[in-house]
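As a plain string of letters, each chain reads:
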Amino acid sequence: MPGSLFEAARACLDAASVAAKLDATFAATAAFGRGELVVPDDAPAPEPVRMPGRPARPQLVHPRGLPRRGLGSVQGRAAFIHAIAHIEFNAIDLAWDAVYRFRGMPAQYYADWVSCARDEARHFAMLQARLRTMGHAYGDFDAHNGLWEMAEKTAHDGLARMALVPRVLEARGLDVTPGMIRRLQDVGDTATVEILEVILREEVAHVAAGSRWFRWYCERAGVAPLPTFRRLLAEYARAVLYGPFNHEARSRAGFSADELRMLEESLLTTD
Ligand SMILES: [Fe+2]
Ligand SMILES: [Fe+2]
């Protein structure tokens, strides 16, 4: 008998060690692919959002407490790769929470976020392996909790979640990764460049899924996407909206020309 996708997602969220989170995620996404996990019709309401299982390290600190390091030294590059690995580790939980929390969605919604969870676990594993070759492990540097905080703030509303997690936080990766790739090329770190190129390519699909389901929610609610997105940015994202924006990648990820123009304008007005 097939198991419940919601229970599997909850188990992935709860998994606390790095190995347990990756193992549970790869096992659940494979089982979903084989049709062994289904969305039950009679699932109870999700439990309230809470901190997902996390390893004891990295220690979570205020973003201002994180040192900025250059990419010229091995130590600096390891800290930089660690920061991206932390984003990917959070992204595993964010994808599973999108699956777990929002009930009664079309089948494709769940397929999209299960696929995203698998990508994020793979991205994390690639960066973890890269860190190891540099003599480091995930947990060696401090990190911040900003990504999960946005999951908590939007746990009551799938429309807000789609607008703010994939289309603001994940979309930021589309803006900044090309510059990171160039800086790593300058210091000759081709191994990390190759990983970031895979991540950049695959993140477009995650942001595109966010765009798709944001528009789906807007249509269901009978609201216009552009003013709704603008309102949510003002309400939740004043402190986390940065430019410049990668118009080309964001267009491929479902941002309309009007939305991109609005993003540019909102930078001018929040200064
Ligand atoms: Fe990722
Ligand atoms: Fe992602």
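Scroll up to find the structure this text is about.
Residues numbered from 1 in each chain as written. Chains lettered and ligands numbered in written order. Predicted model: local features only at pLDDT ≥ 70, side-chain atom pairs only at ≥ 80, totals over all residues.

Participant: So what about the overall build of the protein chain? Which residues, and what values?
Facilitator: Along the backbone of the protein chain there are 10 helices and two strands. In sequence order, the secondary structure elements of the protein chain are arranged as β-α-α-β-α-α-α-α-α-α-α-α. In summary, the protein chain has a C-alpha radius of gyration of 18 Å against a globular reference of 18 Å for 271 residues, a match within 12%. In terms of overall dimensions, the protein chain has C-alpha extents of about 55 × 50 × 30 Å along its principal axes. Residues classed as buried in the protein chain amount to 40% of the 271 residues present. In the protein chain, the proportion of contacts linking residues at least 24 apart, taken out of those at least 6 apart, comes to 78%. (Helix = DSSP H or I, 4+ residues; strand = E, 2+ residues; numbered from the N terminus. Rg over C-alpha atoms; globule rule 2.2 N^0.38 Å. Buried ≥ 20, exposed ≤ 12 C-beta atoms within 10 Å, placed from the backbone. Contact = placed C-beta atoms within 7 Å.)

Participant: Describe in detail the environment of Ala 205, supporting the description with residues and values.
Facilitator: With respect to the helices and strands, Ala 205 occurs in helix H7 (residues 190-221). Along the chain, Ala 205 and Pro 166 lie 39 residues apart, while their C-alpha atoms are 10.0 Å from each other.

Participant: How would you sum up the packing of helix H2 (residues 18-33) against helix H4 (residues 107-133)? Please name residues and give values.
Facilitator: Think of two packed helices as two axes; the pair is described by the angle between the axes and how far apart they sit. Closest axis-to-axis distance for the H2/H4 pair is 9 Å, and the angle between their directions is 145°. H4 is crossed by H2, and the crossing has left-handed handedness. Counted together, Leu 22, Thr 25, Phe 26, Thr 29 and Phe 32 of H2 and Val 114, Ala 117, Arg 118, Ala 121 and Ala 125 of H4 form the full contact between these two elements. Of the residues in the contact of H2 with H4, the class split is seven nonpolar, two polar and one charged. (Axes fitted to C-alpha atoms, helices over the stretch in contact; angles between N-to-C directions. Left-handed = near helix turned anticlockwise from the far one by under 90°. Nonpolar A, V, L, I, M, F, W, Y, C, P; charged D, E, K, R; others polar.)

Participant: Describe helix H6 (residues 158-186), and please don't skip the residues or the numbers.
Facilitator: For an α-helix, 3.6 residues make a turn, and residues three or four places apart therefore share a direction. End to end, H6 covers 41 Å across 29 residues, agreeing with the expected 42 Å (1.5 Å per residue, within 8%). Val 176 marks where H6 bends most, by close to 40°; the proline Pro 178 follows one to four residues later. (Expected span 1.5 Å × (residues − 1). Bend = angle between axes of the 7 residues up to and from the residue.)

Participant: Kindly report on the packing of helix H1 (residues 5-14) against H2, identifying the contributing residues and their values.
Facilitator: Remark: H1 packs on H2, axes separated minimally by 9 Å, with the N-to-C direction vectors making an angle of 165°. As judged from the angle between their axes, H1 and H2 are roughly antiparallel. The interaxial crossing formed by H1 with H2 has left-handed handedness. Counting all contacts with H1, which are made through Leu 5, Ala 8, Ala 11 and Cys 12, the residues of H2 involved are Lys 21, Ala 24, Thr 25, Ala 28 and Phe 32. (Parallel < 35°, antiparallel > 145°, perpendicular 65-115°, else oblique.)

Participant: Residue-level account of the environment of Gln 75, with values.
Facilitator: When you line up the elements, Gln 75 lands in helix H3 (residues 74-101). Its 14 C-beta neighbours within 10 Å are what place Gln 75 among the partly exposed residues. For Gln 75 and Arg 261, which are 186 residues apart along the polypeptide, the C-alpha to C-alpha distance reads 39 Å.

Participant: Go over the environment of Glu 197, please, and point to the residues and values.
Facilitator: Take Glu 197: it is sitting in helix H7. Judged by C-beta crowding, with 13 C-beta atoms within 10 Å, Glu 197 ranks as partly exposed. Distance from Glu 197 to Ile 181, taken between C-alpha atoms, is 7.5 Å for residues 16 residues apart in sequence.

Participant: Would you mind going over unusual backbone geometry in detail, with residue names and values included?
Facilitator: Residue Pro 58 is bonded to the preceding Arg 57 through a cis peptide linkage, with omega at 10°. Within the element layout of this structure, Pro 58 appears in the loop between strand E2 (37-38) and H3. Looking along the chain, the bond that leaves Gly 243 and enters Pro 244 is cis, with omega of -10°. In this fold, Pro 244 is placed in the loop between helix H8 (225-236) and helix H9 (247-252).

Participant: Run through H8, naming residues and quoting values.
Facilitator: Look at H8: 16 Å from first C-alpha to last across 12 residues, which is about the 16 Å you get at 1.5 Å a residue. Listing the buried residues of H8 in full gives Phe 229, Leu 232 and Leu 233. Along the axis of H8, the buried positions cluster into a sector of 105°, meaning they face one direction only. Seen from the open side of H8, the exposed residues pointing more than 90 degrees away from its buried face are Pro 227 and Glu 235. (Arc of directions from axis to C-beta.)

Participant: Can you explain the nonpolar core? Please cite residues and give values.
Facilitator: One broad rule of soluble globular proteins: the nonpolar side chains tend to lie buried together. Ala 9, Ala 95, Trp 96, Val 99, Trp 113 and Leu 164 are the most contacted members of the largest nonpolar core, which has 71 residues in total. Among the secondary structure elements, those contributing two or more residues to this core are H1, H2, H3, H4, helix H5 (146-153), H6, H7 and H8. The element that contributes the greatest number of residues to this core is H3, accounting for 16 residues. Apart from the residues within four sequence positions on either side, Val 99 is in contact with Leu 5, Ala 9, Tyr 110, Trp 113 and Val 114. (Core = buried A, V, L, I, M, F, W, Y, C linked by C-beta atoms within 7 Å.)

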